[in-house]
Amino acid sequence: MASSPCGGGNFDCGLEIQTRSVEQTLIPLVSQITTLINHKDKLKKTEKTLRAIQRVGQAVSVAVGRFVAVGEAIAAENEDLKDEMGLACFEARRAGTAIAQLTDVSSLEQCEGDGRSTVFSDRTGMVKAARMLLSSVTKVLVLADCIVIKQIISSRNKVLVTLEQLERVSTFQEFVQIFSQFGNEMVEFAHLTGDRQNDLKDEKKRARMAAARAVLEKCTMMLLTASKTCLRHPDCESARINKEAVFQRMRLALEQVIEIVTDTRSGGEAKALPVSIYAGIKDFKVKVEGLRDSLYCVSCEAVAAQLEALVEKTEDFTDSAYTSHEQRETIIQLCQITRQETKQLISTWRHVQLLKAKEATDEVELSILKTCQSVSDLRRELHRVAVGRATELLKLHSDHLVLQALKASGGDGNLEAVADYAGTLTEHKEHLVETCRLLCHISGTEPLEITCIHAEETFRVIGPQIISAAKTLALHPTSKIAKENLDVFCEAWESQLCDMAILLKEINDVFEGRRGDKKTYLSLPRPGKHSANLKTVKAAKLDAEEQTTIAKLGLELCLLTSDVDSEVERWDEQDHEMVRLYQIISSMAYSMYLFTRGEGLLKTTLDLFHQAEVRQCSISLISFLIESLQGLLDEDRILILSETEKLSAACQQLQVCAKTPVQGKSAIFQKVDSSIQNTKGILTVVVYLLPICNKLIRKCKSERSCLASPQHWREKQLSTTVSEETLNGKGSSGFGVKSLEQHMANLTFLESK
């Protein structure tokens, strides 16, 4: 970057700016320089204008002086960058002084007898000074940014050293001591990388950083329990395999973070993402539509070859054992139609070239439209197949029956049953991995492609880890630490399924052009053959009068969700766990509102009832609020407890209503009405609670409080007692791991486990 429109000159300092903070710092300076340079030489300026421009020049000089003072202080603290930073600061100060002199009205000579003068006579000098100023200031900023990168690398190195020590420990006492240090180092690393992630300009890098930090978040907890299990059962091979896999994955994630912040790759050149079908279709359409303006610049062979490469990628769909016969035939048919339309386009194109036409004819225009339409139809079908499969999988795994069976079999010491369920989990893993690959093809943006690849890799790795943890438990069925270890890996699997649901929602938003219209924090899968409601109620469509009644209720629901979103925006800590839970409830209610309009993913009353039945987020919020009471004063505790009881009652009524079997159209309508009314009741309490909780959090910010978010880990020592719900939050500055102190305490009781 560091390129400016000033004076038509190119102020490129040869340094690439990768962060928003550096770029935003430069914008005001560029604006002021532009004001000084972009004037017309021939125009005379009044005394008032001259004085105004003199003030701008002086303001630039003063601002540069302050800026340079900070840069020099940074240089003094960093010996390896001292000379380079000092030179950049010297050049910036000199350029700022030159600009102040060039805009000094007292030094300007009167050009004519009318008392008017030009802004400055030495335009070349001003352009030169502006170029030097922007170049030197940018260099100072980039050098300061290098220091941040050095901090991240230093933090990573400390984590790696401690990680190696943890891998070699042989006693519980040594493990407790080193892991305590490791926890502190990971918290520091979490803050540094979280800030960096938010500051990166490149969306792909932000997505990669988010993926790497998600791995570290999950693996920190896995490392703790896997290591404890290995120490407790040192001769257990499955426990050793489990532990080694976690350490290896953490090292890879740490390396990926460094690759991102340094913009390098350990294996040489940066590895490019595999071209997705979406990207291929987009590029193909650009080339085809470009024929309108460049009849003779693109070869027919290139277009045909690009289409064939695109069709070849659809084999990931058609060759899949999970793709139905009808879906496979539809995809193949659409590929053939696209081939035919492209062949016709090429034929028409060549004919126009033979006629030496200067612009595209109506025949070419029609062929272009048909070809683009056919390839768009293909994309739509591939999207439908991938999203449909992902939705079904999420419904299939929503009950986590295989994980529960593995836990039960391991607890019973039944190795044979563990082996059977391990086979089932492996099949599920392969299905999820393949589905993530298909989602990557149709995701629509490169950041989402990166997230799909991360999800694919996570399922691929965690599946075998769950199996090895289950085998360990089966070999040691009375070991509480082995059971805890299996629970942690199962929780990571469940967490990734939740992340996949959110990813699926984002992909749909991009496809339907709704991205950014409304923040959505959770997308629950639509119910199907695995829904518990299928045996109790049949899906039904409402008539016009009923729809009108429900639409009015839906509008009230929409207004309440808007109130929730407005209250959430007033929170200082947007990454707070409580904010996330409130947003999930709001998102679920908003999907009900869309149902009343005949829009969204909830298509039938059956879908609505399933949505109403799933109230885990409300329960989590209630538990979170109750847990927070221990840190509040009596009057505050009474207020929160009162509202929590209302919220609990409303959630209970909603679930009872959703589970109650009904028959007949009238009864179904009443159930829809009650479900929406109960949801309104929940939102009403939420809207009331939000400002109260926000006020209390601000009030307790400087004190130890279980309402603190993960953002405050930097200020708080790990010895501070905090709730598990708080530390499980997914803030940008922390890894969301459970209370390390609690697990440290547990280590002292391992001999009895």
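Parameters and conventions
All residue numbers here refer to positions counted from 1 along the written sequence of the relevant chain. Whole-chain, interface and lining totals are the exception, using all residues; otherwise, since this is a predicted model, local features are given only for residues with pLDDT of at least 70 and side-chain atom pairs are given and counted only at 80 or more. Processing note: side-chain calculations cover all non-hydrogen atoms of the structure and skip hydrogens and water entirely. UniProt positions are given in the numbering used here, feature names are shortened, and annotations may be inferred rather than shown by experiment. Runs of H or I in DSSP of at least four residues are treated as helices and runs of E of at least two as strands, each being numbered from the N terminus. Buried means the residue's accessible area, taken with a 1.4 Å probe over protein chains only, is under 20% of the maximum for its type, while exposed means over 50%, and partly exposed covers the values in between. Only heavy atoms matter for contacts: two residues are in contact if any of them lie within 4.5 Å across the pair. Methods summary: accessible areas were calculated by the Shrake-Rupley approach with a probe of 1.4 Å, and residue burial reflects only the protein chains presented. Exposure above 30% relative accessible area and no salt bridge define the residues that can form patches, which grow by joining like charges within 9 Å and nonpolar side chains of Val, Leu, Ile, Met, Phe, Trp and Tyr within 5 Å. Each reported salt bridge corresponds to a side-chain nitrogen of Lys or Arg within 4 Å of a carboxyl oxygen of Asp or Glu. Only four residue types enter the tally: Lys and Arg on the positive side, Asp and Glu on the negative side; His and the chain ends are excluded. One atom stands in for each charge, and that atom is NZ of Lys, CZ of Arg, CG of Asp or CD of Glu. Interaxial angles span 0 to 180 degrees and are taken between N-to-C directions of axes, which are lines fitted to C-alpha atoms, for helices over the stretch in contact. The cut-offs work like this: below 35 degrees is roughly parallel, past 145 is roughly antiparallel, 65 to 115 is roughly perpendicular, and the gaps in between are oblique. Put simply, a crossing is left-handed when the front helix is turned counterclockwise from the back one by less than a right angle, and right-handed when it is turned clockwise. Side-chain classes are defined by residue name, with Ala, Val, Leu, Ile, Met, Phe, Trp, Tyr, Cys and Pro counting as nonpolar, Asp, Glu, Lys and Arg as charged, and the others, Gly among them, as polar. We define a nonpolar core as any set of buried Ala, Val, Leu, Ile, Met, Phe, Trp, Tyr and Cys residues linked to one another through side-chain atoms lying within 4.5 Å. Side-chain rings of Phe, Tyr and Trp (the six-membered ring for Trp) are treated as a pair once their centres are within 6.5 Å; stacked means planes under 30 degrees apart, edge-to-face means over 60, and tilted covers the remaining angles. Values of pLDDT, ranging from 0 to 100, describe the predictor's confidence in every residue of the model. Each helix should span, by expectation, one fewer than its residue count multiplied by 1.5 Å. For the purposes of this analysis, a disulfide is any pair of cysteine sulfur atoms at a distance within 2.5 Å.

As recorded by an unreviewed UniProt entry, the protein chain carries the name Alpha-catulin and is attributed to Sinocyclocheilus rhinocerous. Taken from UniProt, the Sequence similarities (unreviewed entry) comment for the protein chain reads in full: "Belongs to the vinculin/alpha-catenin family." Recorded in UniProt for the protein chain, the comment headed Subcellular location (unreviewed entry) runs: "Cytoplasm".

We now examine the overall build of the protein chain. Across its full length, the protein chain carries 24 helices and zero strands. Here the protein chain holds 753 residues, and 52% of them are scored as buried. Intrachain contacts of the protein chain at a sequence separation of at least 6 include 77% that bridge at least 24 residues. About 35300 Å² of surface is accessible on the protein chain, with carbon and sulfur atoms providing 52% of the total.

Before going further, it helps to examine a negative patch on the surface. On the surface, a cluster of negative charge is contributed by Glu312, Glu315, Asp316 and Asp319. Position of Glu312 among the secondary structure elements: in helix H9 (residues 300–313). Taking relative accessible area as the criterion, Glu312 reaches 52% and is therefore assigned exposed.

With that settled, consider the packing of helix H13 (residues 401–411) against helix H14 (residues 415–442). Close contact between H13 and H14 brings their axes to 9 Å; oriented N to C, the two are set at 160°. The orientation of H13 with respect to H14, classified from their angle, is roughly antiparallel. Here the hand of the crossing between H13 and H14 comes out left-handed. Contacts from Val402, Leu403, Ala405, Leu406, Ser409 and Gly410 in H13 reach Ala417, Val418, Tyr421, Ala422, Thr424, Leu425 and His428 in H14. A per-class count over the contact of H13 with H14 returns nine nonpolar, four polar and no charged.

This part takes up the nonpolar core. Counting 103 residues, the largest nonpolar core has Phe182, Leu223, Phe317, Leu439, Ile466 and Trp493 as its most contacted members. Per-element accounting of this core gives the leading share, 14 residues, to helix H16 (residues 480–511). In contact with Leu439, not counting residues within four places along its chain, are Ala386, Val387, Ala390, Cys452, Met500, Leu504 and Ile507. Listed in part, the 37 residues of the second largest apolar core include Tyr582, Phe609, Ile682 and Val687.

This part is about the pattern of salt bridges. Across all of its chains, the model carries 25 salt bridges by this definition. Note that Arg380 is salt-bridged to Asp377, the shortest N-O span being 3.0 Å. Here the residue Arg380 and the residue Asp377 both occupy positions in helix H12 (residues 362–396), the gap between them amounting to three residues, near one helical turn. Residue Asp487 is joined to Lys483 by a salt bridge in which the shortest nitrogen-to-oxygen separation is 3.3 Å. You can see Asp487 and its partner Lys483 sitting in helix H16, four residues apart, about one turn around the helix. One connected set of salt bridges, linked through shared partners, spans Arg437, Glu456, Glu457 and Arg460.

Glancing now at the packing of aromatic side chains. Applying the stated criterion to the full structure yields three aromatic pairs. Ring centres 5.5 Å apart and planes at 25° place the aromatic pair Phe175 and Phe179 in the stacked group. Here the residue Phe175 and the residue Phe179 both occupy positions in helix H5 (residues 172–199), the gap between them amounting to four residues, near one helical turn. On the basis of an interplanar angle of 70° and a centroid distance of 5.3 Å, the ring pair of Phe459 and Trp493 is categorised as edge-to-face. Residue Phe459 is found in helix H15 (residues 446–475), and its partner Trp493 is found in helix H16; the two are separated by 34 residues along the sequence. A relative accessible area of 1% means that Phe459 is categorised as buried.

Turning our attention to the confidence of the model for the protein chain. Mean pLDDT over the protein chain stands at 76; residues scoring 70 or higher make up 74%. Averaged pLDDT values over the elements of the protein chain bottom out at 32 in helix H23 (residues 724–727) and peak at 95 in H14. Under a pLDDT of 50 for its full length, residues 109–119 has, in the predicted model, 25 contacts with residues more than four places off or in other chains. In the predicted structure, residues 704–753 sits below a pLDDT of 50 and forms 129 contacts with residues beyond four places in sequence or in another chain.

It is worth spelling out helix H7 (residues 237–262) at this point. With 26 residues, H7 ought to run about 38 Å at 1.5 Å a step, and its terminal C-alpha atoms sit 38 Å apart, in line with that. Just beyond H7, the residue with positive phi is Asp263, at close to 60°.

When two helices pack together, you describe them by how their axes are tilted relative to each other and by the distance separating the axes. It is the contact of H12 with H16, at a shortest axis distance of 11 Å, that shows an interaxial angle of 155°. Accordingly, the angle class assigned to the pair H12 and H16 is roughly antiparallel. As H12 packs across H16, the resulting crossing turns out to be left-handed. For the pair formed by H12 and H16, the contact residues are Arg379, Arg380, His383, Val387, Ala390, Thr391 and Leu394 on the first element and Leu497, Met500, Ala501, Leu504, Ile507, Asn508 and Phe511 on the second.

Take unusual backbone geometry next. One non-glycine residue with positive phi stands out, namely His400, at about 55°. Along the chain, His400 turns up in the loop between H12 and H13.

This part takes up H16. Between its first and last C-alpha atoms H16 spans 47 Å; for 32 residues at 1.5 Å apiece the expected length is 46 Å, and the two agree. Most of H16 is tucked away, with 23 of its 32 residues classed as buried. Downstream of H16 by a residue or two, Gly513 has a phi angle that is positive, lying close to 70°.

Looking at the secondary structure, you find Arg389 in helix H12. In this structure Arg389 touches Ser320, Tyr322, Thr323, His431, Glu434, Thr435 and Leu438, once residues within four positions along its chain are discounted.

It is worth spelling out the state of the cysteines at this point. Following the criterion strictly, the structure yields zero disulfides and no others. Free of any disulfide, Cys236 has its nearest cysteine sulfur in Cys230, 7.6 Å distant. You can call Cys236 buried: its relative accessible area is 7%.

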